[in-house]
Amino acid sequence: MTLLSTLPRIDGSVLREYKSKSGNITYTLRNEIAGRGITLKVMNCDAKGNPKIIRDVAKGRNDVYIKAEDGSTILKQGDKTTTFPNLVFNKVCEILFKQ
């Protein structure tokens, strides 16, 4: 993957944009919280920039948000899978990355 851009944000987090050889785009948002550790959010997009999967990783937690075919959201937490039919996946992206 090739690093395209790095954007330090006011809150101390760093947003990075990568592009793979196949053309897919990945965004990472890394934040260090004093006393709580590091949180990392990774958004995998297709070549057009449409988000498909988000990973929200922190100490002891790995949440995976997946875009369903109808645009709703599926959340996987370990062995547990939850479907949110009324929650639009792109809204989840907006909330997690707060652009």
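Residues numbered from 1 in each chain as written. Predicted model: local features only at pLDDT ≥ 70, side-chain atom pairs only at ≥ 80, totals over all residues. Heavy atoms only, no water.

Notes on the overall build of the protein
Part 1 of the reasoning: Along its length, the protein carries one helix and eight strands.
Part 2 of the reasoning: When the elements of the protein are put in sequence order from the N terminus, they spell out β-β-β-β-β-β-β-β-α.
Part 3 of the reasoning: For 99 residues, the compact-globule estimate of 2.2 N^0.38 gives 13 Å, and the C-alpha radius of gyration of the protein, at 14 Å, lies within 12% of that figure.
Part 4 of the reasoning: Projected onto its principal axes, the C-alpha coordinates of the protein cover approximately 35 × 35 × 20 Å.
Part 5 of the reasoning: Among the 99 residues that make up the protein, the fraction classed as buried is 31%.
Part 6 of the reasoning: Contacts in the protein between residues at least 24 apart in sequence constitute 16% of all its contacts with a sequence separation of at least 6.
Part 7 of the reasoning: Accessible area of the protein: about 6800 Å², with a carbon and sulfur share of 52%. (Helix = DSSP H or I, 4+ residues; strand = E, 2+ residues; numbered from the N terminus. Rg over C-alpha atoms; globule rule 2.2 N^0.38 Å. Buried < 20%, exposed > 50% of the residue type's maximum accessible area, 1.4 Å probe, protein only. Contact = heavy atoms within 4.5 Å. Areas by Shrake-Rupley, 256 points an atom, 1.4 Å probe, with all protein chains shown as cover.)

Re the nonpolar core
Part 1 of the reasoning: Judged by nonpolar contacts, the single largest core of 13 residues is most densely connected at Met 43, Ile 54, Tyr 65, Leu 96 and Phe 97.
Part 2 of the reasoning: Sorting elements by how many residues they give to this core places helix H1 (residues 89–97) first, with five residues. (Core = buried A, V, L, I, M, F, W, Y, C linked by side-chain atoms within 4.5 Å.)

Brief notes about the pairing of strand S4 (residues 37–45)
The two faces of a sheet get side chains in turn, since along a regular strand they alternate between them.
Part 1 of the reasoning: In the sheet, strand S3 (residues 25–33) pairs with S4 via nine bridges, with the strands oriented antiparallel. Bridge pairing in S4 links Leu 29 to Lys 41.
Part 2 of the reasoning: Where S4 meets strand S5 (residues 51–58), six bridges bridge the pair, whose relative direction is antiparallel. The residue of S5 that forms the bridge with Leu 40 is Val 57.
Part 3 of the reasoning: The antiparallel pairing of S4 with S5 creates a hairpin that spans five residues between the two strands, and Gly 49 there sits at a positive phi of about 90°. (Pairing = 2+ DSSP bridges.)

Describing the sheet that holds strand S8 (residues 80–88)
Strand pairing in a sheet relies on backbone hydrogen bonds, with the paired strands running either antiparallel or parallel.
Part 1 of the reasoning: An order of S1-S2-S3-S4-S5-S6-S7-S8 is seen for the eight strands of this open sheet, with the pairing classed as antiparallel. Two strands close off the open sheet at either side, each with one partner strand: strand S1 (2–8) and S8. Along the sheet, successive strands turn relative to each other by an average axial angle of 15°, direction set aside.
Part 2 of the reasoning: Strand direction decides the pairing type here: strand S7 (residues 72–77) and S8, joined by six bridges, are antiparallel. Across the sheet, the residue bridging to Gln 77 is Lys 80, located in S8. (Axes fitted to C-alpha atoms, helices over the stretch in contact; angles between N-to-C directions.)

Topic: the environment of Thr 2
Part 1 of the reasoning: Here Thr 2 is to be found in strand S1.
Part 2 of the reasoning: Each residue touching Thr 2, except ones within four places of it in the same chain, is listed here: Glu 17, Tyr 18 and Lys 19.

Examining the pattern of salt bridges
Part 1 of the reasoning: Under the defined criterion, the tally for this structure stands at four salt bridges.
Part 2 of the reasoning: Asp 56 is the salt-bridge partner of Arg 61, the closest N and O atoms lying 3.0 Å from each other.
Part 3 of the reasoning: The exposure class assigned to Asp 56 is buried, which follows from its relative accessible area of 7%.
Part 4 of the reasoning: Where Arg 61 meets Asp 63, a salt bridge forms, and the shortest distance between an N and an O atom there is 3.4 Å.
Part 5 of the reasoning: Salt bridges sharing common partners tie together Lys 41, Asp 56, Arg 61 and Asp 63. (Salt bridge = Lys/Arg side-chain N within 4 Å of Asp/Glu carboxyl O.)

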